[in-house]
Amino acid sequence: MDSTVPIFLIVMFVAVTCALVLALSMAKKKRSVEVAVSTSSEVSAQKFEQELRDHLAGSTQPVSPLTKKISSIVTAEVQKKTMEKTFEIKQRYDRVIEEKNKSLDLAEKKIKVVSDNFEKLDTSFKVMGEEKKQTEEVVHSMAEGVIMVNKKGEILLMNPAAERLLGVKKEDKIGRSVLSDLKEEQLVSFVQEPSEAGKSKEVVIQSQNDHVRKVLLASNAVIESEDGKTVGFVSVISDVTKQKELEALKNEFLANISHDLRTPITCIRGSLQLLCDTSVNQLSPTQEKFAKLALNNVERLSRLINDLLDLSKLESNKFTIKPIPFHVDNLIQSLVNEFGAWSKTKGITIQTKIEKPLEIEADQDRISQVLTNLIGNALKFTPSGGTVTVEGRRSADLLKIEVGVRDTGPGIAKNDFQKLFEKFSRIESQAMQGVSGTGLGLTIAKEIVELHGGRIWVESEEGKGSYFAFELPIKRPPPTPPEP
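Residues numbered from 1 in each chain as written. Predicted model: local features only at pLDDT ≥ 70, side-chain atom pairs only at ≥ 80, totals over all residues. Heavy atoms only, no water.

(A) A look at helix α8 (residues 328-338). Every buried residue of α8 is listed here: Val328, Asp329, Leu331, Ile332, Leu335 and Val336. For α8, the buried positions fall inside an angular range of 160° around the axis, keeping them on one side. For α8, exposure combined with an orientation more than 90 degrees from the buried face picks out Asn337 and Glu338. (Buried < 20%, exposed > 50% of the residue type's maximum accessible area, 1.4 Å probe, protein only. Helix = DSSP H or I, 4+ residues; strand = E, 2+ residues; numbered from the N terminus. Arc of directions from axis to C-beta.)

The following block contains the structure:
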């Protein structure tokens, strides 16, 4: 029972007692009567208090009506307070139960989420395991060698083809440097740094007695982590020994046949030039037409032979550069004058936009060869009424010059840029139909520019013309030693 019940009973008892005493004292006027009544009231109050205590204590003795009335009031009040407290306790209990149920529901949801995630993770691990197994099977069965190396140069993966090509065993190489312990074979050149995108490097493996030689082609790709850090690279190796041997035979054949053809071609050209000379011979219009046609074709054949010879020299590292100081602006103006007659016959305007003076140290004949190719290509592909502009300027740091040829021709698609500088490559497009060429000019031009320590590139958009340009250092860098 709540502690407020005894206090309430005492207060009620005192209040009732005071009321009885006051009522008795006012009803009697005489002092004697008042004294008697007062004494009687005190006795009655004491008796009432005792009866009330006995009743509350559970006594079975009969009590007065007033005591019963007060007792019933007190009992009702106690029941009311008890019900209120019971209801309050029930509400608190219900709230606690509700909160516990919510916590349980939340915990069940979290457990379900964790269970679902675990199932997904388990499924992902199974899928990854299957994919890993399939990848390993593919790598294992590849004809090309595959090597995976970490950033320390230690081999992580090597397939059977790589073991065969490098003459090593995987068990001896995993976890060790790719260059260590090659047994009977000596690795002359190997790519430890990843090559540029889209390019490959040659790996030459040669036995110690130099009787056995392999030429491998290694294509490398960087392996990066999620945060972009390099963690290693993978190399795909192909045996190109036979291809290199065939290519060497082809180059030797081209060099020999080109050299052997040069002498008779020179004689034929001289004879045709003499035949076309009107001061020596009087030809009919028909004869002159066919003589000039033959001379033009001989000139074309001569250019083809020269290109083949140059390409052969470049591939065999026999192409020489003889740098001298000269003015590029004067060279450009001279070439523009030479192409003036051709541009007029085609109805094309050829002009210059040059900063003067532009003096560099380079091989004048070879730079002239590059410019001749670029200007000639621009005139070939620019339609009548178009414009060809030869530009020249210094770089911002005054250490390089940029020379370029801009035309108003049909333009080139971006996915064809790489093909432009490949050997015997021609772009298949409607605008290029009917234009002859060997497909070697830009290849040779690229090699010449790079031998000077420069670079060559193209900027173009279909239908908006093209800009072929190359950049050269004003002072030629020291020559690099030839590769073994």
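Moving on from the model shown.
(B) Looking closely at the sheet that holds strand β12 (residues 455-460). Read across the open sheet, the 5 strands follow the order β8-β10-β11-β13-β12; overall the sheet is mixed. With one partner strand each, in any of the chains shown, β8 (349-354) and β12 form the two edges of the open sheet. If you compare each strand with its neighbour and ignore which way they point, the axes differ by 15° on average. Direction of pairing for β12 relative to strand β13 (residues 466-473): antiparallel, over a ladder of 6 bridges. Bridge pairing in β13 places Val458 opposite Phe468. (Pairing = 2+ DSSP bridges. Axes fitted to C-alpha atoms, helices over the stretch in contact; angles between N-to-C directions.)

(C) A look at helix α12 (residues 441-451). Residues Gly441, Leu442, Thr443, Ile444, Ala445, Ile448 and Val449 constitute the buried set of α12. Of the surrounding secondary structure, the elements contacted by the buried residues of α12 are α7 (285-315), α10 (364-381), α11 (417-420), β12 and β13. Two residues or fewer past α12, Gly453 is found with a positive phi of approximately 80°. (Contact = heavy atoms within 4.5 Å.)

(D) Representation of the nonpolar core. Among the nonpolar cores identified, the biggest contains 47 residues, and Leu420 and Phe470 are the most heavily contacted of them. Among all residues touching Phe470, those that are not within four sequence positions of it are Ile367, Val370, Leu371, Leu374, Ile401, Glu402, Val403, Val449, Arg455, Ile456 and Trp457. By size, the runner-up hydrophobic cluster in this structure holds 12 residues, among which are Ile147, Ile155, Leu165 and Leu216. (Core = buried A, V, L, I, M, F, W, Y, C linked by side-chain atoms within 4.5 Å.)

(E) Structural detail: a nonpolar patch on the surface. Residues Leu121, Phe125 and Met128 make up a contiguous nonpolar surface patch of roughly 330 Å² in combined accessible area. Checked against the element boundaries, Phe125 lands in helix α3 (residues 65-141). (Patch = residues over 30% accessible without salt bridge, like charges linked within 9 Å, V, L, I, M, F, W, Y side chains within 5 Å. Areas by Shrake-Rupley, 256 points an atom, 1.4 Å probe, with all protein chains shown as cover. Salt bridge = Lys/Arg side-chain N within 4 Å of Asp/Glu carboxyl O.)

(F) Focus on the packing of aromatic side chains. Scanning all chains against the criterion turns up 1 aromatic pair. The ring of Tyr467 carries Arg406 above its face, with NZ or CZ at 4.0 Å from the centroid. When the ring centre of Trp457 is taken as origin, the NZ or CZ atom of Arg455, which lies over that ring, is 4.1 Å away. (Phe/Tyr/Trp six-rings, centres within 6.5 Å; stacked < 30°, edge-to-face > 60°. Lys NZ or Arg CZ within 6 Å of the ring centre and 35° of its normal.)

(G) Representation of the side chain of Thr443. Tracing the backbone through its elements, the reader meets Thr443 in helix α12. For Thr443, the side chain forms a polar contact with the main-chain oxygen of Glu422, separated by 3.2 Å. The residues touching Thr443, leaving out its near neighbours within four places in the chain, are Leu311, Phe421, Glu422 and Lys423. (Polar contact = N/O pair within 3.5 Å; in protein donor to acceptor, adjacent residues only side chain to side chain.)

(H) Structural context of the side chain of His452. When you line up the elements, His452 lands in the loop between α12 and β12. Overall, His452 belongs to the buried group, its relative accessible area being 3%. There is a polar contact of 2.8 Å between the side chain of His452 and the backbone oxygen of Ile448.

(I) Geometry of the packing of α7 against α12. Where α7 meets α12, the closest approach of the two axes is 10 Å, and the angle between their N-to-C directions is 45°. By the angle between their directions, the pair α7 and α12 is classed as oblique. As for how α7 packs across α12, the hand of that crossing is left-handed. The residues of α12 that touch α7, namely those facing Asp307, Asp310, Leu311 and Leu314, are Thr443, Ile444, Glu447 and Leu451. In terms of residue class, the contact of α7 with α12 is built from 4 nonpolar, 1 polar and 3 charged. (Parallel < 35°, antiparallel > 145°, perpendicular 65-115°, else oblique. Left-handed = near helix turned anticlockwise from the far one by under 90°. Nonpolar A, V, L, I, M, F, W, Y, C, P; charged D, E, K, R; others polar.)

(J) Seen up close, the packing of α10 against α12. Packing of α10 against α12 brings their axes to within 9 Å, and their N-to-C directions diverge by 145°. Like other packed secondary-structure pairs, α10 and α12 cross with a definite hand, here left-handed. In this structure, α10 contributes Arg366, Gln369, Val370, Asn373, Leu374 and Asn377 to the contact, and α12 contributes Gly441, Leu442, Ile444, Ala445, Ile448 and Val449. Taken together, the residues that form the contact of α10 with α12 break down as 7 nonpolar, 4 polar and 1 charged.

(K) Here's a closer look at a positive patch on the surface. The grouping of Arg300, Arg303, Lys380 and Arg426 at the surface amounts to a positive patch. Structurally, Arg426 is set in the loop between α11 and α12. Residue Arg426 is classed as partly exposed on the basis of its relative accessible area, which comes to 40%. (Lys, Arg positive; Asp, Glu negative; His and termini not counted. Charge placed at Lys NZ, Arg CZ, Asp CG, Glu CD.)

(L) Representation of the environment of Lys173 in the model. Relative to the helices and strands, Lys173 resides in helix α5 (residues 170-173). Remark: the alpha-carbon pair of Lys173 and Ile155, spanning 18 residues in sequence, is separated by 6.5 Å.

(M) Summary view of the pattern of salt bridges. One pass over the structure, following the stated rule, counts 15 salt bridges. Across the pair Arg393 and Glu391 runs a salt bridge whose closest N-O atoms are separated by 2.7 Å. On the basis of relative accessible area, Arg393 is assigned to the partly exposed category, the value being 26%. With relative accessibility at 5%, the residue Glu391 sits in the buried group.

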